Amino acid sequence: MILVGNGRLITRDDANSIIEDGCLAIQDNLIVETGTTDDLKTKYPQARLIDAAQKMIMPGLINTHMHFYSTFARGMASKSDPPTNFLEILERLWWKLDKTLTLEDVYYSALIPIVDCIKTGTTTIFDHHASPNVVHGSLFKIAEATLKAGVRSCLCYEVSDRDGKATADNGIQENIDFINFCNQESNPLLKGMFGLHASLTLSDQTLEKCVAKNSGTGVGFHVHAAEGIQDRLDAEKKYGMGVVERLYERQILGEKSIAVHCVHISKKEIGILKDSKTNVVHNPESNMGNAVGVSPVLEMAHQGVTIGLGTDGYTSDMFESFKAANCLHKHAHQHPSVAWGEIPQMLFENNRKIAAHYFEKPLGQLVPGAYADVIVVDYDPPTRLEPENVNSHILFGISGRSVETTIINGRVVMENRKLTTLDEQEICVKSRELADKVWQRIE
Ligand SMILES: [Zn+2]
């Protein structure tokens, strides 16, 4: 048994309780009790105590949209003309990078952001993967990395017609093989979804095949939706409707599915997302960096759509995504008083609701019965800390690098900034070596 105590315990339970001098008890991979440090130390005298030294003890964060495979793009010089729109970003960067990846590249591309996730307090990651020349086994390779690191993940392969029918079929098979494997294994750290790239690279025939193959697996689809205007124009031209309308008609949406971005959607499509209980994931930095426009997340939230928060590979740090989302919507609305409630709701409430469709026990809350995914954060509040203002303390006072200790599924994967499962230096040396070769192979 482990106790994590002597800290301010931010429980995120239904009352959003904060326990001063709080402590939690971990048995195996679950939280079994929360209370004060004295009480739990008396009750469990044999337990090892991780001393939070008056810092904050919080639930580990969840990232509901990530691309591990984007790692080797960092610092890469493009051999093409600079992109002028989102489609050109795909064509000139991502669809060149993903084709060069080997399985070893896939593995190290995953380990690098996983190190970052652990160091910045993200304990559960929904990843969306592409490596068209090594589709078979790619999700299993990523799983090797996530399990070695000890992070919780839900993986998928992005099926697309952009590289021909055989590659699309390989993608379908990889999703199914991996989902079946996860269903058999029942490993609380590893789940699968059915990945799809985006409407503009998927024919009706391929979507139909995906739906047929996915039937009975119990998992939903993870798909980019109306990210750039090109996706919407393509759907309107080819099918006479918006992207969300099309995905709904093709039976891709639903309460277990994730529609990422939803920037270029109509009011009618917001209604579809709500009625079909589809989860939307917002990625503020990526949307700004790719200059795709502003997702109407506030309007969707007010209509009752469940919107989670992701990073889209732009960063691994959910605190950073949280800060960017807060500023983006105030800036876009030219109103300093909007988005105070909706953005924390994405990160702290909706991400765990989305995760609950895949993981058996509660996540994102420090309550008895939840998975023991816990972070200790170096933060001593300079003003009064209360349930009503805790999100503002986090927004303005904490960054990913404030995280000192990370526990996932009851296992300490970082203690006082030292990783216990991975050798960061060795991973970086190998990553640079592989990235050099990838850069040489890119045309
Ligand atoms: Zn994405």
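Please read all numbers here as calculations on a predicted model, not as lab measurements. (Residues numbered from 1 in each chain as written. Predicted model: local features only at pLDDT ≥ 70, side-chain atom pairs only at ≥ 80, totals over all residues.)

Engineer: Hey, could you go over the packing of helix α3 (residues 103-119) against helix α4 (residues 138-149) for me, with residue numbers and the actual values?
Structural biologist: The interhelical angle for the contact between α3 and α4, taken along N-to-C directions, is 35°, at an axis separation of 9 Å. Handedness of the crossing formed by α3 with α4: right-handed. Contact with α3, carried on its side by L103, V106, Y107, A110, L111, I114 and I118, involves S138, K141, I142, E144, A145, T146 and A149 of α4 and no other residues of that element. Along the lines of polarity and charge, the residues of the contact of α3 with α4 split into ten nonpolar, two polar and two charged. (Axes fitted to C-alpha atoms, helices over the stretch in contact; angles between N-to-C directions. Helix = DSSP H or I, 4+ residues; strand = E, 2+ residues; numbered from the N terminus. Left-handed = near helix turned anticlockwise from the far one by under 90°. Contact = placed C-beta atoms within 7 Å. Nonpolar A, V, L, I, M, F, W, Y, C, P; charged D, E, K, R; others polar.)

Engineer: Residue-level account of helix α15 (residues 424-441), with values.
Structural biologist: Compared with an ideal rise of 1.5 Å per residue, which puts 18 residues at 26 Å, α15 spans 26 Å between its outermost C-alpha atoms and is within 8% of the ideal. Residues of α15 that are buried include every one of S431, L434 and A435, and no others. For α15, the angular spread of buried residues about the axis comes to 115°, placing them on one side. Away from its buried face, by an angle of more than 90 degrees, α15 presents the exposed residues Q425, E426, V429, R432, E433, D436 and Q440. Buried-residue contacts for α15 involve α3. (Expected span 1.5 Å × (residues − 1). Buried ≥ 20, exposed ≤ 12 C-beta atoms within 10 Å, placed from the backbone. Arc of directions from axis to C-beta.)

Engineer: How would you sum up the sheet that holds strand β6 (residues 61-66)? Please name residues and give values.
Structural biologist: Taken in spatial order, the four strands line up as β6-β7-β8-β9 in an open sheet, and their pairing is parallel. Each edge of the sheet is formed by a strand with only one pairing partner; in this case those strands are β6 and β9 (190-192). If you compare each strand with its neighbour and ignore which way they point, the axes differ by 15° on average. Strand contacts of α4: β7 (122-127), β8 (152-155) and β9, with the helix running at about 170° to β8, the strand carrying the most contacts. Helix α13 (residues 342-355) contacts β6 and β7 of the sheet and is inclined by roughly 65° relative to β6. (Pairing = 2+ DSSP bridges.)

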